[in-house]
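Coordinates in review
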Amino acid sequence: MATDRSQSHPHISIIVPAFNEAAAITATVESIANQLTSLSPHWDIVVIDDGSRDSTADIVRALPAYLHTTLLRFSRNFGKEYAITAGLAYVRGDVVICMDADGQHSSALLEEMLDKWREGYDMVYAVRQDRNVESRFKRWGARFFYGLMTLGERITIPRDAGDFRLMSRNVVDALNKLPERNRFMKGMYAWVGYSSIGIPYTPLPRSHGSSTFSRIRLMQLAWTGITSFSVIPLRLASAVGGFLALLAFLYGIWVVLEKMFFHESIPGWPTVVASLMFFSGVQLLFIGILGEYIARIYDEVKGRPPYIVAEVSTLYQHISPQP
């Protein structure tokens with residue numbers, strides 16, 4: 001396969017999730033297109049407008065035909081994971097690359113990614129090198145998250161690797177077969193497997209605005225990843241419950257021995273009340289963790305589509321990729 005790839009000119013599809021990126025989307029698409037023209041004669045760019053409240057969709061519709069752009073517009077904001085999912089389901093390229101709309105993913109790396117694909121790799125992901133400039137909250141949170149995700153699990157999510165990656169058609173087809181509606185793409189990339197390699201990169205400065213991904217949304221995404229790909233919270237709840245039950249058993253033995261041999265009886269009303277409140281709180285906490293997993297099951301069995309595409313606009317004359 002590596003020999004065939006080294007001599008081929010694959011159709012390259014770029015998927016670009018966008019949310020309120022009116023100020024940056026034109027420059028981003030132009031930069032990607034300029035790079036693609038030197039890499040392959042067959043390429044296209046798919047912009048997924050994730051329910052933007054600004055003029056992102058209008059600007060994409062007005063892009064010139066030579067930029068080979070298609071617009072997928074959601075009926076509302078569903079989230080980046082679902083925008084990527086929609087892009088993967090729509091594109092037909094031999095090679096698919098996911099890039100952000102804010103211009104921080106350098107199009108200069110596309111050539112290196114394509115070279116790795118020609119060497120035989122099915123997935124080439126960019127590994128961020130500048131974590132030291134981020135806040136302590138994000139750095140410590142990332143360490144805790146990746147540590148928890150690799151604890152006792154059979155998949156390994158590459159640390160500091162995001163959605164900026166190249167995927168072969170085999171990988172894209174495998175991802176499209178995964179039916180779950182609670183999507184955590186970083187975990188799904190790792191779950192499907194295939195030969196993968198990372199390349200270092202440093203994000204470019206944002207050309208306009210600031211990130212709309214708040215700490216709360218980061219925590220929600222992390223929790224989705226944990227509950228989708230790990231049962232560690234449930235195992236931790238079982239372990240803590242067993243430990244507390246053992247402590248209660250040992251304490252009961254101590255009370256009995258103290259009464260039998262020392263004839264002492266401690267009134268202990270405050271101790272009883274405090275113990276009841278503590279154990280009740282622990283029980284409610286663990287019921288809440290269990291409830292999160294049940295909620296995931298509930299979301300799946302409802303069978304609702306993960307997203308709704310309100311518009312598909314192909315802004316150029318599409319030519320099917322040549323074999």
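In the block above lies the structure referred to throughout.
Residues numbered from 1 in each chain as written. Predicted model: local features only at pLDDT ≥ 70, side-chain atom pairs only at ≥ 80, totals over all residues. Heavy atoms only, no water.

Orientation of helix H7 (residues 169-176) relative to helix H8 (residues 185-192), taken along the N-to-C sense of each, is 115°, at an axis distance of 10 Å. Between H7 and H8 lies a crossing whose hand is right-handed. For the pair H7 and H8, contact is made by Val171, Ala174 and Leu175 and by Met188, Tyr189 and Val192, respectively. Looking at the contact of H7 with H8 residue by residue, the class counts come to six nonpolar, no polar and no charged. (Axes fitted to C-alpha atoms, helices over the stretch in contact; angles between N-to-C directions. Helix = DSSP H or I, 4+ residues; strand = E, 2+ residues; numbered from the N terminus. Left-handed = near helix turned anticlockwise from the far one by under 90°. Contact = heavy atoms within 4.5 Å. Nonpolar A, V, L, I, M, F, W, Y, C, P; charged D, E, K, R; others polar.)

Further remarks concern the nonpolar core. Counting residues in each nonpolar core, the largest one holds 35 residues, and the members touching the most others are Ile14, Leu36, Ile45, Ile97 and Phe164. Per-element tally for this core: the top contributor is helix H2 (residues 25-36), with five residues. Beyond its immediate stretch of four places on either side in the chain, Ile14 contacts Ile32, Leu36, Asp44, Ile45, Val46, Ile97 and Met99. (Core = buried A, V, L, I, M, F, W, Y, C linked by side-chain atoms within 4.5 Å. Buried < 20%, exposed > 50% of the residue type's maximum accessible area, 1.4 Å probe, protein only.)

We now examine the packing of aromatic side chains. Counted by the stated rule, this structure contains three aromatic pairs. Taken together, a centroid distance of 5.6 Å and an interplanar angle of 80° make the contact between Phe164 and Tyr201 edge-to-face. With Phe164 in strand S6 (residues 161-168) and Tyr201 in strand S7 (residues 196-201), this pair connects stretches of sequence that are 37 residues apart. For the pair shown, Phe164 and Tyr201 are each scored as buried. The aromatic ring of Phe78 is capped on one face by Arg76, whose charged end is 3.9 Å from the ring centroid. (Phe/Tyr/Trp six-rings, centres within 6.5 Å; stacked < 30°, edge-to-face > 60°. Lys NZ or Arg CZ within 6 Å of the ring centre and 35° of its normal.)

In spatial order, the strands read S7-S5-S6-S4-S1-S2-S3-S8; together these eight strands make up an open sheet with mixed pairing. Taken across any chain shown, the strands that pair with only one partner, and hence form the sheet edges, are S7 and strand S8 (309-314). Averaged over all pairs of adjacent strands, the angle between strand axes in this sheet comes to 20°, irrespective of strand direction. Two strands pair when backbone bridges link them, and strand S4 (residues 95-98) and S6 are joined in this way by four bridges, in the antiparallel orientation. Paired with Ile97 across the two strands is Leu166, which belongs to S6. Seen against the sheet, helix H5 (residues 110-118) touches strand S1 (12-18), S4, strand S5 (123-128), S6 and S7 and runs at an angle of roughly 50° to S6. (Pairing = 2+ DSSP bridges.)

Let us now look at the pairing of strand S3 (residues 69-74). Counting buried residues along S3, five of its six residues qualify, which places the element largely inside the surrounding structure. Sheet topology places strand S2 (residues 43-49) next to S3; five bridges connect them, and they run parallel. Looking at the pairing, Ile48 lines up with Leu72 of S3. With respect to chirality, the unit in which S2 leads through helix H3 (residues 56-61) into the neighbouring parallel S3 is right-handed. (Right-handed = clockwise from strand over helix to strand, strands pointing away.)

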